[in-house]
Amino acid sequence: MCTIIHHISSYIRGLLFLAVMVLNLGTHQLRAELNPEEFLTPDNPYKVNTAKDLVDVFDALNDCYDFDPQWDVFSISLEANIDMIGIDFTPVQKEEAVPVKIEGNGYTIKNLTFTGIEGAYSGLFPHLGDGSVIRNVKFDSINVSLPSKNCAILAGLVYNISIVFKIVELKN
């Protein structure tokens, strides 16, 4: 009887391990399914409706190995207020200039907490690339740790001169 219980117990542990592995693989596959074309096209920005959407699109940009700042533009459109309280968030981890198009549509990103990258420049975007546009977005209750000398909440370095900040509000 003990041998049967031991075998059943081992079988159940094996099934639980397999279920956890499948769940982890499923989470990874969801992130992998975010195609760079969904957020690197300025004419068709990635629509951010939730905190998870924001985390996923930044993670996907960080995972995008063939990002070319000469041709690609990180492009998102906020479709709702985003509350990041208690959410793990990683800012852009690229050291090259990243051209950005953020259309905030008057919405707010609040309770965002992140640590910038170690390096010469640090911020949500270490370098904002030429042609970047950030407009009509509010940031509220932002908590950042910026480990470099040249740092700011949005960008450690504004690269080149044709960058537009229009109706960008930072408070608290």
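Residues numbered from 1 in each chain as written. Predicted model: local features only at pLDDT ≥ 70, side-chain atom pairs only at ≥ 80, totals over all residues. Heavy atoms only, no water.

J.: Please provide a residue-by-residue account of the packing of aromatic side chains, values included.
T.: Any pair of aromatic rings gets described here by the distance separating the centres and the angle formed by the planes. All chains considered together, the criterion is met by five aromatic pairs. What links up through ring pairs into an aromatic cluster is the set F58, F74, F89, F114 and F125. (Phe/Tyr/Trp six-rings, centres within 6.5 Å; stacked < 30°, edge-to-face > 60°.)

J.: I'd like a description of the pattern of salt bridges, backed by residues and values.
T.: Applying the stated criterion to the full structure yields two salt bridges. One salt bridge connects D56 with K52, and the closest N-O pair in it is separated by 2.6 Å. Taken together, the residues D56 and K52, both in helix 2 (residues 51–63) and four residues apart, mark about one turn of the helix. D56 gets classed as buried once you look at its relative accessible area, which sits at 15%. (Salt bridge = Lys/Arg side-chain N within 4 Å of Asp/Glu carboxyl O. Helix = DSSP H or I, 4+ residues; strand = E, 2+ residues; numbered from the N terminus. Buried < 20%, exposed > 50% of the residue type's maximum accessible area, 1.4 Å probe, protein only.)

J.: I'd like a rundown of unusual backbone geometry, residues and numbers included.
T.: One non-glycine residue, N105, lies in the positive phi region at around 55°. Looking at where N105 falls in the secondary structure, it is placed in the loop between strand 4 (100–103) and strand 5 (108–110). A residue is classified by how much of its surface remains accessible, and N105, at 36% relative accessible area, is partly exposed. With a phi angle near 60°, N111 is a residue other than glycine that sits in the positive phi range. One can find N111 in the loop between strand 5 and strand 6 (113–115). Residue classification places N111 among the partly exposed residues on the basis of a relative accessible area of 22%.

Keep in mind these numbers describe shape, not what the thing actually does.
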